[in-house]
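# Coordinates in review
These are the residues of each chain, in order.
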Amino acid sequence: MDVKKGGRPPDGGWGWMVIGGCFTILMVLAMCSFSYSILFSDFLLSRGTSSTTIAWIFNLHIFLWNAIGVFTGPLTKEFGFRRVSLSGSLLASFFTFTLTFVDSLLGLFVSFAFVGMFGGLAAKPCYLLLTSYFDRKRGLANAFLMAGVCCAQFVGPPFIRYLLVEYGRQGTTLLLSGMVLQCVVGSALFQPVEWHLKVDEEEENVEEEEEDKEKVHEGDPDAGVTDEMRAKEAERRKMLGTSLSRRPSETSMLSLAVSNIDLSSIPPVSRRGSIALEDTTDNNNLDKTAHGSSGGVRRLIKASARVVKDVISNMEILRSPRALIIVVGGMLSINAYINFLITVPFAIQGAGHTLSDAAWCMSIGAATNLASRLISSGLSDQPWFNLRYVYMTGAAINSISSAVFGFLQDLRLIQVTMAVWGLGVGMNVSLLVLAMPHFMGVENMSAIFSVNSLMMSVSMIVFGPLFGFIRDLTGSYVASMLAMGVCGGLSVVLWCLMPAAMAYDARREAEKTSKEWAAKV
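Below is a short write-up of the structure.

Conventions used here
- Residues numbered from 1 in each chain as written.
- Predicted model: local features only at pLDDT ≥ 70, side-chain atom pairs only at ≥ 80, totals over all residues.
- Heavy atoms only, no water.
- Helix = DSSP H or I, 4+ residues; strand = E, 2+ residues; numbered from the N terminus.
- Buried < 20%, exposed > 50% of the residue type's maximum accessible area, 1.4 Å probe, protein only.
- Contact = heavy atoms within 4.5 Å.
- Areas by Shrake-Rupley, 256 points an atom, 1.4 Å probe, with all protein chains shown as cover.
- Patch = residues over 30% accessible without salt bridge, like charges linked within 9 Å, V, L, I, M, F, W, Y side chains within 5 Å.
- Salt bridge = Lys/Arg side-chain N within 4 Å of Asp/Glu carboxyl O.
- Expected span 1.5 Å × (residues − 1).
- Bend = angle between axes of the 7 residues up to and from the residue.
- Axes fitted to C-alpha atoms, helices over the stretch in contact; angles between N-to-C directions.
- Parallel < 35°, antiparallel > 145°, perpendicular 65-115°, else oblique.
- Left-handed = near helix turned anticlockwise from the far one by under 90°.
- Nonpolar A, V, L, I, M, F, W, Y, C, P; charged D, E, K, R; others polar.
- Core = buried A, V, L, I, M, F, W, Y, C linked by side-chain atoms within 4.5 Å.
- Polar contact = N/O pair within 3.5 Å; in protein donor to acceptor, adjacent residues only side chain to side chain.
- Phe/Tyr/Trp six-rings, centres within 6.5 Å; stacked < 30°, edge-to-face > 60°.
- Lys NZ or Arg CZ within 6 Å of the ring centre and 35° of its normal.

Next up on the list: the overall build of the chain. Regarding its fold elements, the chain presents 23 helices and zero strands. Scored against the burial criterion, the 521 residues of the chain give a buried share of 55%. Restricting the contact set of the chain to residue pairs at least 6 apart, pairs at least 24 apart contribute 88%. Of the roughly 21600 Å² that the chain leaves accessible, carbon and sulfur atoms contribute 65%.

Residues Leu374, Ile375, Leu379 and Trp384 make up a contiguous nonpolar surface patch of about 410 Å² in total accessible area. A residue is classified by how much of its surface remains accessible, and Ile375, at 53% relative accessible area, is exposed.

Here the focus is helix H21 (residues 445-474). In this model, H21 (30 residues) spans 42 Å end to end at C-alpha, consistent with the 44 Å of a helix rising 1.5 Å per residue. Largest kink in H21: about 30 degrees, centred on Ser459. Immediately downstream of H21, the backbone of Gly475 shows phi near 70 degrees, a positive value.

Turning our attention to the environment of Tyr162. With respect to the secondary-structure elements, Tyr162 resides in helix H9 (residues 138-181). Each C-alpha atom, one on Tyr162 and one on Thr172, is 9.2 Å from the other, the two residues being ten residues apart in sequence.

This part covers the packing of helix H1 (residues 14-34) against helix H8 (residues 125-133). Look at H1 against H8: their axes get within 10 Å of each other, and the N-to-C directions meet at 165 degrees. In terms of orientation, H1 and H8 fall into the roughly antiparallel class. Of the two possible hands of crossing, H1 and H8 adopt the one that is left-handed. The segment H1 lies against H8, with Trp14, Gly15, Val18, Ile19, Cys22, Ile25 and Leu26 engaging Cys126, Tyr127, Leu129, Leu130 and Tyr133. Of the residues belonging to the contact of H1 with H8, the class tally is eleven nonpolar, one polar and no charged.

Residues Leu29, Tyr36, Leu108, Leu145, Tyr337, Phe405 and Trp495 are the most contacted members of the largest nonpolar core, which totals 128 residues. For this core, the element with the highest residue contribution is helix H17 (residues 321-350), accounting for 17 residues. For Phe405, the residues in contact, after removing those within four places along its chain, are Phe340, Val344, Ala347, Ile348, Ile414, Thr417, Met418 and Met481.

Axis separation between H1 and helix H7 (residues 105-123) bottoms out at 10 Å; the angle between their running directions is 160 degrees. In terms of axis orientation, H1 runs roughly antiparallel to H7. Crossing of H1 against H7: the hand is left-handed. Seen from H1, the contacting residues are Ile25, Leu26, Leu29, Cys32 and Ser33; seen from H7, they are Phe112, Gly119, Ala122 and Ala123.

Using the criterion set out here, one finds one salt bridge in the structure. Its salt-bridge partner being Asp103, residue Arg47 comes within 3.4 Å of it at the nearest N-O pair. Taken together, the positions of Arg47 in the loop between helix H3 (41-45) and helix H4 (51-67) and Asp103 in the loop between helix H6 (81-98) and H7 put the pair 56 residues apart, joining distant regions of the chain.

Positionally, Ser402 belongs in helix H19 (residues 387-405). Of the polar contacts made by the side chain of Ser402, one reaches the backbone oxygen of Asn398; its length is 2.7 Å. Residues in contact with Ser402, not counting those within four places in the same chain, are Phe340, Trp421, Met481, Met484 and Gly485.

Turning our attention to the packing of aromatic side chains. Two numbers describe a pair of aromatic rings. These are the distance of the centres and the angle of the planes. Tallied over the entire structure, the rule returns 20 aromatic pairs. Relative to Trp421, the ring of Phe340 lies with its centre 4.9 Å away and its plane at 40 degrees, an arrangement referred to as tilted. One end of the pair, Phe340, is in helix H17; the other, Trp421, is in helix H20 (residues 411-440), with 81 residues separating them in the sequence. Accessibility assignment for this pair places Phe340 and Trp421 in one class, buried. Chaining the aromatic ring pairs together yields one cluster made of Tyr36, Phe40, Phe43, Phe58 and Phe112. The lysine or arginine in question, Arg471, covers the ring of Tyr477, its NZ or CZ lying 4.2 Å from the ring centre.

What follows is the structure, given as structure tokens:
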């Protein structure tokens, strides 16, 4: 199949098959993660495990899930989405299988951690593929992608509870390992986006001219090409890269930023890390050199060096205050969301209700979460949709419902609060992956995603055990859930500063431009 070297996302076609594969991967792997407290509840409580230890086990799992995301962009750039996700799926299935034989806290700690690391390796490429394959329909595609996580949260707890009753913990983990193996099928659908890019008529004419020049020079494409021609071509590709997004919903928010802020002022890691327009030539050459062991080793070393170099350069995007708000704000709200979700089954049982009641309460929250994600993501394609306001509203609902939950004893009130909490989480979490290209530009997606994964992973081993320590110290879930509510509230406060951050970037770029003009004069 011919590989297109430029163009715009297909916004459909094979992209829907890719989203189908992403849905499968996220649903199965999220089911393993979110069912932790249901699957191992009896195992942990029978050993008198403290809330801090319970939090450490899960948060190490989430830490490695996110930490591997730091390498996702560079790895997919070197080896392709399919290889990376497929490798992660196979290894995640293997370590889920090892959970069948776990009979100690240390064994659970290690095996579940590796499930998180390789599960993240399989799942993280899904979010980058979303931006690569979709532009105007990105919100709709994100709705289907997020539905996979919500379906896992909705179906997972009662389904895992049913398997536990029928087959016990060992039989359940064995069946789960087989389910995770199905992620290989989803990964197989990840074709290089270059195969499906749409090329505008003007771009086709430019490419035809380039091909004609190459034919004339017969193997020396640079012969006769002047510096002026190279500069014009570089400028054309730069404009193509910074105008990839044609979403009406982004025009209103980013028009000021694009007109006053040259995205090149943010370090050029994004253009090197951009997934949408990466050529797969190097990836294909991996197969050609695989037969030579020495050559393969050298190539692997060079590829690893490039991956590390890209990871380091991606960190430079934190010079932008917009990136800091996205990363830190998302870190606070998602920590509140994840740790609340894991604490809920224990809190409900502590209030005198059964594990089955806890599973159904989690399913209620998942149902409203799913509905909220579908609606919010679907509406985000509309020009009147204000992503920042909706994102902040979701974080506020998440914060308030988490803080209130610890005081509740009546099962009906608990169920209502879980439903409201699900609505807030859906509005907030589903829009984070859309906020990244929305505020930072599509070409910066890989860099901001890597940094976000790093910050998220570090925060998980800080906030999770901290919430567990508060629970152990006070002997009550009220204080720990209040802390989660405060954590989500800080995210809202931080996002209030986004207009100021954009204005700061505008002033910085204006100063840079004026200095450049003064130097020329």
